[in-house]
Amino acid sequence: MSEATPARSTAPRVGSLVPTASTGVSGRSSLTLDAIAQRVTERFPEVRVQQAFGELTLHVEPDDLVEMVTFCRDDDELSCELLSDLSGVHWPAGEHVIARQTSTTGWPEYRVSREHGVIEVLYVLRSVSRNHHFRISVGTVDTAPRLPSVTEIYPTADFHEREVYDFFGVEFEGHPDLTRILMPDDWIGHPHRKDYPLGGIDIPYKNDKFIPPPNERDLREVID
Amino acid sequence: MAIDPTATPSATPPATAADLDDDIYVEGADWESVVDAVSDDHITVNMGPQHPSTHGVLRLVLDLDGETVTRLTPIVGYLHTGIEKNTEVRTWVQGTTFVTRMDYLSPFYNEAAFCLATEKLLGVRVPERAEVVRVILLEFNRIASHLVWLATGGMELGSTTVMEFGFREREHILDLFEAQSGLRMNHAYIRPGGLAQDVTDDFLERSAALVDLLAERMRDYEDLLVENPIWHARLKNVGRIDADTCLRLGVTGPVLRAAGVPWDLRKAQPYSGYERYEFDVPTRTEGDSFARFLIRLEEMRQSMHIIRQALEVLPGGPVMVDDKRIAWPSQQSLGADGIGNDPDYIRHIMGESMEALINHFKLVTQGFTVPPGQVYVPVESPRGELGYAVTSIGTNKPYRVHVRAPSFVNLQAADVMARGQGVADVVVVVASLDPVMGDVDR
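Residues numbered from 1 in each chain as written. Chains lettered and ligands numbered in written order. Predicted model: local features only at pLDDT ≥ 70, side-chain atom pairs only at ≥ 80, totals over all residues. Heavy atoms only, no water.

Just checking my understanding: could you explain the overall build of chain A for this structure?
Along its length, chain A carries 5 helices and 11 strands. By residue count, 50% of the 224 residues in chain A fall in the buried class. Summarising the internal contacts of chain A: among those between residues at least 6 apart in sequence, 57% fall at separations of at least 24. Carbon together with sulfur atoms contributes 52% to the accessible area of chain A, which is approximately 10700 Å² in total. (Helix = DSSP H or I, 4+ residues; strand = E, 2+ residues; numbered from the N terminus. Buried < 20%, exposed > 50% of the residue type's maximum accessible area, 1.4 Å probe, protein only. Contact = heavy atoms within 4.5 Å. Areas by Shrake-Rupley, 256 points an atom, 1.4 Å probe, with all protein chains shown as cover.)

Next up, the structure:
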């Protein structure tokens, strides 16, 4: 049996997280994405800001993560009471040509080259009182993925970090009980990594032949 | 003490309570090692994964001091089916058929959130008719989901009448869904770019009649439960959680609103045209199971209110975007052979334009490509914030689809809510969280 204790007390915080009724359902954000980005970059100048699809992403270094997340929670203007989501994406090393059905879309093929594989972990921070949310992106090498845990800041990260550990093998330092959560305890490998085989069984065919299952991903099928 | 699997239950139970403290009179398998590991009255009990009140295959490990819960550890994963991973090797349209099977009590929410994420990446906005139909179906789905919660929750507390009521009305809603999509559940009816097909001709009358029926039947639930002393005794002051703890543990939806925070994504960050409808976000301050019951009842009423407004403004027009690179044929009618088809479309691709046939063939076999990027799209599902974090690299398949499942996150609060309460209250705590294991394990 695991020793999870979800009822841990959090880091001390002055006042209450609860927004007042007047601010909770306003339907309008009090801060623009630019204002959020500015507020963060004032404090953390090295943060890389990216805006796309009407969403804000802040790329930070793993060393700054805990300080940054704590700042976003405790800052009066950002006031992110809720960690909405925490997920991972694996970007494997190597050179990939991304084919995009050029004949129909007209979009050119493009080439991606990475020296090191990266596991990108995305944190969606939400302010209930200010009604805004944005994303923090942090990368770690996929050969020995390791990040600081944010469970002390947001206890809700407990299950999320266990899930990212389960699927990507990211070790969150400081997590109270980093065990697998969705896969069986004795499972080998981390299934959402792009180097994990897709599985499937051989299909029997005539003349005692067997056809192996397809093992193609978007990245694989176009690697030269 | 060594474990002897052949041991038979020994001795007759001792007669007095004092004897009970000293002697162990149950033996067999590894039970004694479990008992030895804990002291005094503390014991550890497995509830589930095959327990009728755990809503599927949820395993709860309870540390008990006598009858009082000192710790509850939820253990999940028994229903993990790898839906997120499956979507990575299928086209964007096929993705809807997978995600709809996660939260099987509110499938339309999964479809809608996945399609909204895809449409955000594509940069398309669906036609108004599709948007309004989506809202109507989503709100009907919220009522259906809350009805199942009421039915199963009531049954777990011994009220089979409530179960009959809940499932009876839900069946009417599922009939409506079946008439539109062909399936009672797991519809795959909401598609990137709009809907799979237009609604039936009698959709308006049928929906209006159904809302009237539901509004009438709502009174039955209130008459039966709101003043019911047994219902009060089982729910009031059970599973209390305050707003601060909710936010720290990431709890959203009715549980958060029952603790006093008027947070609803339909109001806060409107999607699918929710800003056009008038509705209230009900809140309570008690934060106990009874408050959550009242919140869900009121939410059903508000959903009916939204449906009535949406039925008034339902415009005509297409239900799929007018972009041949994305749009599947959707203006279908039932042929003499009993199969739905789009005759005009078929005439066009088979008789008029070779290019249209090629386009159709490529669209169906390869799917459309989606521009590269990352989006996070949340919707307000019956259980809380359902978020889709979708990554595209510009191909015809998603690169990564992550689902922020409300049941999964809310389940973390079960420990806080159950501590200090009796074993029987654990049933109430889990029921009032309303987890769906398909949503938890994905």
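Picking up where we left off.
What am I meant to see in the environment of Trp 187 of chain A here?
Residues and elements named next belong to chain A. Relative to the elements of secondary structure, Trp 187 occurs in the loop between β9 (171–173) and β10 (203–205). Since its relative accessible area comes to 36%, Trp 187 is described here as partly exposed. For the pair Trp 187 and Asp 166, spaced 21 residues apart in sequence, the C-alpha to C-alpha distance is 9.2 Å. Apart from residues lying up to four places away in sequence, Trp 187 is in contact with Arg 180 and Tyr 196. Within the structure, the side chain of Trp 187 is placed 3.1 Å from the side chain of Tyr 196, a separation counted as a polar contact. (Polar contact = N/O pair within 3.5 Å; in protein donor to acceptor, adjacent residues only side chain to side chain.)

So what exactly am I meant to see when it comes to the sheet that holds strand β8 (residues 373–381) of chain B here?
As a general point, the strands of a sheet are linked pairwise by backbone hydrogen bonds and lie either parallel or antiparallel. Residues and elements named next belong to chain B. Strand order in the open sheet formed by 3 strands is β8-β9-β10, with antiparallel pairing between adjacent strands. In this open sheet, the two edge strands, each paired with only one partner strand, are β8 and β10 (400–404). Neighbouring strand axes in the sheet, compared pairwise and without regard to direction, differ in orientation by 15 degrees on average. (Pairing = 2+ DSSP bridges. Axes fitted to C-alpha atoms, helices over the stretch in contact; angles between N-to-C directions.)

Explain the pattern of salt bridges to me, please; I cannot follow it from the model alone.
If the charged atoms of two oppositely charged side chains come close together, the side chains can form a pair. For the structure shown, the criterion picks out 39 salt bridges over all chains. The shortest N-O distance in the salt bridge between Glu 88 of chain B and Lys 194 of chain A comes to 3.1 Å. With Glu 88 of chain B in the loop between α3 (83–87) and α4 (92–99) and Lys 194 of chain A in the loop between β9 and β10, this residue pair bridges two chains. Accessibility assignment for this pair places Glu 88 of chain B and Lys 194 of chain A in one class, buried. Sharing partners across several salt bridges, the network here consists of Glu 139, Arg 142, Arg 257, Asp 264, Arg 266, Glu 299 and Glu 380 of chain B. (Salt bridge = Lys/Arg side-chain N within 4 Å of Asp/Glu carboxyl O.)

What am I meant to see in the packing of aromatic side chains here?
Here the distance between the centres and the angle between the planes together describe a pair of aromatic rings. All names here are of chain B. Overall, the coordinates contain 14 aromatic pairs over all chains when judged by the stated rule. Relative to Phe 279, the ring of Tyr 274 has its centre 6.3 Å away and its plane inclined at 70 degrees; by these criteria the two rings are edge-to-face. Ring pairing ties together the aromatic residues Trp 149, Trp 231, Phe 290 and Phe 293, which thus form one cluster. Sitting over the ring of Tyr 274, Arg 266 keeps its end group 5.9 Å from the ring centre. Across the ring face of Phe 408, the terminal group of Arg 442 is positioned such that the distance to the ring centre comes to 4.7 Å. (Phe/Tyr/Trp six-rings, centres within 6.5 Å; stacked < 30°, edge-to-face > 60°. Lys NZ or Arg CZ within 6 Å of the ring centre and 35° of its normal.)

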